[in-house]
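# Structure at a glance
Read off the chains here:
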Amino acid sequence: MTKKIILSESAPAAIGPYSQAVAIHGTLYVSGQIAISVLEAGGDIEEETHQVLKNLGYILKEAGYDYQDIVKCSIFVKDMNHFAQINQVYAQYFSVNPPARETVEVARLPKDVRVEISCIAHK
């Protein structure tokens, strides 16, 4: 089986030489998603996190997956002081049997956003 490149018109286009997601052998690898438009519009960290998770959802749907298929998330944050707000939003998408995850504070993210989330899903 060869890998399948996933492209959702509903999610932002890749800003570099990478795919939004790649599916192979029942596993979907979704690249880190950010919410540039929310940040530029002056949205708070909760709105930014919601949009990031919605972007993941658009890509999942395009590939025939949903949030319940996610087995692992990686969260990158610019400021760990936003951990509680991000968790509050994140919990709305994963209220039952949440995936494994890590949250890492980083010095800088693409386009100077405050949060980026990637995931791995499996069917």
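Preceding block: the structure.
The structure reproduced in this document is the subject of the present report. The shown structure was predicted, so the numbers you read here are calculated from the model rather than taken from an experiment.

### Observations concerning the side chain of Glu116
- Looking at the element boundaries, Glu116 is found in strand β6 (residues 115-122).
- Put simply, Glu116 is tucked away with no salt bridge, and the nearest opposite charge, on Arg108, sits 11 Å away.
- Residue contacts for Glu116: discarding those within four places in its chain leaves Gly32, Gln33, Ile34, Ser74, Ile75, Phe76, Leu109 and Pro110.

### Let's talk about the pairing of strand β2 (residues 21-24)
- Alternating positions in β2 separate cleanly, Ala21 and Ala23 being buried on one face and Val22 and Ile24 remaining unburied on the opposite face.
- As defined by bridge partners, β2 adjoins strand β3 (residues 27-33) across 4 bridges and the pair is classed as antiparallel. Looking at β3, one finds that Ala21 is bridged to Val30.
- In textbook terms, the turn of a hairpin is the stretch between consecutive antiparallel strands, and for β2 and β3 this stretch comprises 2 residues, one of which, His25, has a positive phi near 50°.

### Regarding the sheet that holds β2
- The strand order across the open sheet built from 6 strands is β1-β2-β3-β6-β4-β5, with neighbouring strands paired in mixed fashion. Two strands bound the open sheet, and with one partner strand each, they are β1 (4-6) and β5 (100-105). Strand-to-strand twist across the sheet, computed as the mean angle between neighbouring axes with direction ignored, equals 15°.

### Topic: the pattern of salt bridges
- The tally for this structure, following the rule as stated, stands at 4 salt bridges.
- In this structure, the salt-bridge partner of Lys72 is Glu102, at a minimum N-O distance of 2.6 Å. Placement of the pair is Lys72 in strand β4 (residues 70-77) and Glu102 in strand β5, with a sequence separation of 30 residues.
- Taking relative accessible area as the criterion, Glu102 reaches 29% and is therefore assigned partly exposed.

### Things to note about the packing of aromatic side chains
- Applying the stated criterion across every chain, the model contains 3 aromatic pairs.
- With 6.0 Å between their ring centres and 85° between their planes, Tyr67 and Phe94 make a pair best called edge-to-face. One end of the pair, Tyr67, is in the loop between α2 (45-63) and β4; the other, Phe94, is in the loop between α3 (83-93) and β5, and 27 residues separate them in sequence.
- Note on Phe94: relative accessible area 5%, which makes it buried.
- Between Tyr90 and Phe94, the ring centres sit 4.6 Å apart and the planes meet at 40°, which makes this aromatic pair tilted. As far as the burial class goes, Tyr90 and Phe94 line up, both buried.
- An aromatic cluster of three or more residues is present, and its members are Tyr67, Tyr90, Tyr93 and Phe94.
- Over the face of the ring belonging to Tyr90 we find Arg101, whose NZ or CZ atom lies 4.6 Å from the ring centre.
- Positioned above the aromatic ring of Tyr65, the side-chain terminus of Lys123 is 5.4 Å from the ring centre.

Quick notes on the rules
Residues numbered from 1 in each chain as written. Predicted model: local features only at pLDDT ≥ 70, side-chain atom pairs only at ≥ 80, totals over all residues. Heavy atoms only, no water. Helix = DSSP H or I, 4+ residues; strand = E, 2+ residues; numbered from the N terminus. Buried < 20%, exposed > 50% of the residue type's maximum accessible area, 1.4 Å probe, protein only. Lys, Arg positive; Asp, Glu negative; His and termini not counted. Salt bridge = Lys/Arg side-chain N within 4 Å of Asp/Glu carboxyl O. Contact = heavy atoms within 4.5 Å. Pairing = 2+ DSSP bridges. Axes fitted to C-alpha atoms, helices over the stretch in contact; angles between N-to-C directions. Phe/Tyr/Trp six-rings, centres within 6.5 Å; stacked < 30°, edge-to-face > 60°. Lys NZ or Arg CZ within 6 Å of the ring centre and 35° of its normal.

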